[in-house]
Amino acid sequence: MLDQHFMTDIEWLIRVTNIADLNKTDIVLEIGGGTGNLTAYLRKIAKHVYVFEKDKKLIKPLEEKFKNFNNVTILLGDATVAEFPQCTKCVSNLPYTICEPLMWRLTREKFELAVFVVPKKFVEKIAGKTPSRLHLLVQNFFTMEIFEDIPPSAFDPQPHTMSTIIRLRPKAEGNFFLREFLSQYDKKTKNALRWILVQSGMTKKDAAEQITLKIRPTIQEKRISSLSLEEILEIVKNFAKQ
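Bear in mind that the values here come from a model prediction, so they are computed numbers and not experimental data.

1. Some thoughts on unusual backbone geometry
Between D156 and the following residue, P157, the backbone shows a cis peptide bond with an omega angle of -5 degrees. Inspection of the secondary structure puts P157 in the loop between β8 (155–156) and β9 (163–170). Phi angles above zero are rare outside glycine, and D21 is one such case at about 50 degrees. Structurally, D21 can be placed in the loop between α1 (10–19) and β2 (27–31). Of the residues examined, D21 reaches a relative accessible area of 53% and is grouped as exposed.

Next up, the structure:
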């Protein structure tokens, strides 16, 4: 079952669905369908629900459960790398290990809002209780609302920590350089910087020279998603005003 904790409490399933403010025109993406408990509520309201599930053992039971409903599509795949279907909203009880990579992934996707159930400790990290690159990421790309904490008893198997419901809405504006840089999270730092500098009007030669002069070689070779908060801030300081 990988790292999934399936929400089984009906009241909480309804609460999550309500926070998503669904209507009959919504196309919903659910990540980590599990046993389909949340899917069953989403499909009652939404026009269509696409369900990503990575665990092959869960695909057939999900397909069997929703075989008579033409507004549910089950997809086998890893949502952190697979191509997203077009959707208006994303509503999920997220598998714990994909919370961070999914935040990076969402910087490239178009949607109206996302409602996620995530570990409370993860919320504290992205909310900025302590400085972190995830807080920087969320702060620049999304407006976040924090709702109730959910007890372990609402899940099966029960997690070892409290969970929290959050709602994200994409921001239309922010620090342009930082948004362009972070959204290229799977590229090497030097390649992402070169692209940004060339887009701003610099020649490839001058861009390469500036990167060599201002960024240490060890940082240049790192993928953006592997950079520390301090390294990201160093890059912003050196290049944000280019």
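2. Looking at helix α8 (residues 189–199)
Buried within α8 are the following residues: T189, A192, L193, I196 and L197. Relative to the axis of α8, the buried residues are bounded by an arc of 130 degrees and lie together on one face. Buried residues belonging to α8 abut α7 (176–182), α9 (204–214), α10 (217–220) and α11 (229–239). Positive phi appears at G201, one or two residues downstream of α8, with a value of about 115 degrees.

3. Quick word on the environment of E100
Mapped onto the elements, E100 comes out in helix α4 (residues 99–106). As for E100 and L182, which are separated by 82 residues in sequence, their C-alpha atoms are 13 Å apart. The contacts of E100, once residues within four sequence positions are left out, are F122, R133 and L134.

4. Thoughts on the pattern of salt bridges
Taken as a whole, this structure holds 15 salt bridges when the rule is applied. Bridged by salt links that share partners, the residues E145, R167 and R169 form one connected network.

5. Thoughts on the side chain of H5
Tracing the backbone shows H5 in the segment before β1 (6–7). Engagement of the side chain of H5 in a polar contact is seen with the backbone oxygen of P157, the distance being 3.0 Å.

6. Considering the pairing of strand β3 (residues 48–53)
Most of β3 sits inside the fold, with five of its six residues counted as buried. Where β2 meets β3, five bridges bridge the pair, whose relative direction is parallel. Within β3, the residue paired with I27 across the bridge is H48. In the classification by handedness, the crossover that spans β2, the intervening helix α2 (residues 37–45) and the parallel β3 is right-handed. Here β3 pairs with strand β4 (residues 72–76) via five bridges, running parallel. Among the inter-strand pairings, Y50 is bridged to a residue of β4, identified as T73.

7. Examining the nonpolar core
Buried together is how nonpolar side chains tend to be arranged in soluble globular proteins. I31, M103, F116, F181, L182 and I235 are the most contacted members of the largest nonpolar core, which totals 51 residues. Once residues within four sequence positions are removed from consideration, M103 is found in contact with F116, F122, L134, L137, V138, F142 and L168. V16, I59, V91 and I165 belong to the second-largest nonpolar core, a separate cluster that totals 27 residues.

8. Quick look at the environment of F177
One can find F177 in helix α7. Sequence-distant contacts of F177, that is, excluding residues within four places in its chain, are made with L193, I196, I235, V236, F239 and A240.

What counts and how
Residues numbered from 1 in each chain as written. Predicted model: local features only at pLDDT ≥ 70, side-chain atom pairs only at ≥ 80, totals over all residues. Heavy atoms only, no water. Helix = DSSP H or I, 4+ residues; strand = E, 2+ residues; numbered from the N terminus. Buried < 20%, exposed > 50% of the residue type's maximum accessible area, 1.4 Å probe, protein only. Arc of directions from axis to C-beta. Contact = heavy atoms within 4.5 Å. Salt bridge = Lys/Arg side-chain N within 4 Å of Asp/Glu carboxyl O. Polar contact = N/O pair within 3.5 Å; in protein donor to acceptor, adjacent residues only side chain to side chain. Pairing = 2+ DSSP bridges. Right-handed = clockwise from strand over helix to strand, strands pointing away. Core = buried A, V, L, I, M, F, W, Y, C linked by side-chain atoms within 4.5 Å.

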